[in-house]
Structures are given as structure tokens and as C-alpha cells.
Amino acid sequence: MAITSVDVDKAKIEEAKAILSAGSARETIDKALDVVLALHHQRLVLDEMKANPLTSEHWRATIIDYSDTAVA
């Protein structure tokens, strides 16, 4: 893991630390980045679902196969 030095608003770190139940500033930043990446990937999935809406065939299916669609 690379070491990076940044100036961060202490109040923001403390608030984020409480929200994320983190023990240190480093853990807070790492968890916050995980949240940002998860939200981004969630948005990609939602966009893909919006671009490829379910058909009546999908609604009747027991299992929906998404193997022909790629999600980045």
C-alpha cells in the first residue's frame, strides 16, 4: 500500500470516523473510499438495469440469466 500525505479537514474525519465506526483517520479514509467505490458500482448496475428493463418473460421466469450483459 502506498503512503500518501494529505491535509484533511479534522472535523470531517471525526464525523466520518463516527459514522463508519473507524478507529483511526487512516481506517476512516480507507472505509470512506470503499463506500465511494461501492456506490459507484451500484450506480453502474442500476444504469445497466435501466438500459435493459425486464421483459414479461423475465417476470415469469424462476431464474433470470444476465450472462449476456456486461457490467463494468
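Residues numbered from 1 in each chain as written. Predicted model: local features only at pLDDT ≥ 70, side-chain atom pairs only at ≥ 80, totals over all residues. Heavy atoms only, no water.

So, on to the overall build of the protein chain. Scanning the protein chain from terminus to terminus reveals 3 helices and 0 strands. The linear arrangement of helices and strands in the protein chain, starting from the amino end, is α-α-α. The C-alpha atoms of the protein chain give a radius of gyration of 19 Å, which is well past the 11 Å a tight globule of 72 residues would have. Counting all 72 residues of the protein chain, 6% fall into the buried class. Accessible area for the protein chain stands at about 6400 Å²; split by element, carbon and sulfur atoms hold 60% of it. Side chains of the protein chain give 8 positive and 12 negative charges; the mean places of these two sets differ by 5 Å. (Helix = DSSP H or I, 4+ residues; strand = E, 2+ residues; numbered from the N terminus. Rg over C-alpha atoms; globule rule 2.2 N^0.38 Å. Buried < 20%, exposed > 50% of the residue type's maximum accessible area, 1.4 Å probe, protein only. Areas by Shrake-Rupley, 256 points an atom, 1.4 Å probe, with all protein chains shown as cover. Lys, Arg positive; Asp, Glu negative; His and termini not counted. Charge placed at Lys NZ, Arg CZ, Asp CG, Glu CD.)

Moving on, we get to the packing of helix H1 (residues 10–20) against helix H2 (residues 25–51). Two elements in contact, H1 and H2, have axes whose closest approach is 9 Å; the angle formed by their N-to-C orientations is 70 degrees. In terms of orientation, H1 lies roughly perpendicular with respect to H2. The handedness of the crossing between H1 and H2 is left-handed. On H2, the residues touching Ile13, Ala16, Lys17 and Leu20 of H1 are Ala25, Thr28, Ile29, Lys31, Ala32 and Val35. Among the residues forming the contact of H1 with H2, the class breakdown is 7 nonpolar, 1 polar and 2 charged. (Axes fitted to C-alpha atoms, helices over the stretch in contact; angles between N-to-C directions. Parallel < 35°, antiparallel > 145°, perpendicular 65-115°, else oblique. Left-handed = near helix turned anticlockwise from the far one by under 90°. Contact = heavy atoms within 4.5 Å. Nonpolar A, V, L, I, M, F, W, Y, C, P; charged D, E, K, R; others polar.)

Time to look at the confidence of the model for the protein chain. With 94% of its residues at a pLDDT of 70 or more, the protein chain has an overall mean of 90. Ranking the helices and strands of the protein chain by mean pLDDT puts H1 first, with 97, and helix H3 (residues 56–60) last, with 85. (pLDDT = per-residue confidence, 0-100.)

Look at Ser21: it is not a glycine, yet its phi comes out positive at around 55 degrees. Within the secondary structure, Ser21 is located in the loop between H1 and H2.

Right, let's talk about the side chain of Thr28 for a bit. On the secondary structure map, Thr28 appears in helix H2. Excluding residues within four positions of it along the chain, Thr28 makes contact with Ile13, Ala16, Lys17, Leu20 and Ala22.

For an α-helix, 3.6 residues make a turn, and residues three or four places apart therefore share a direction. N-cap assignment for H1: the residue whose side-chain oxygen lies 2.8 Å from the backbone N of Ala11 is Asp9. Positive phi shows up at Ser21, right after H1, with a value of about 55 degrees. (Polar contact = N/O pair within 3.5 Å; in protein donor to acceptor, adjacent residues only side chain to side chain.)

What follows concerns the pattern of salt bridges. Across all of its chains, the model carries 3 salt bridges by this definition. A salt bridge links Asp47 to Arg43; the nearest nitrogen and oxygen atoms lie 3.8 Å apart. Residue Asp47 and its partner Arg43 are both found in helix H2; the two are separated by 4 residues, about one turn of the helix. On the basis of relative accessibility, which here comes to 33%, the residue Asp47 falls in the partly exposed class. With a relative accessible area of 46%, Arg43 lands in the partly exposed category. (Salt bridge = Lys/Arg side-chain N within 4 Å of Asp/Glu carboxyl O.)

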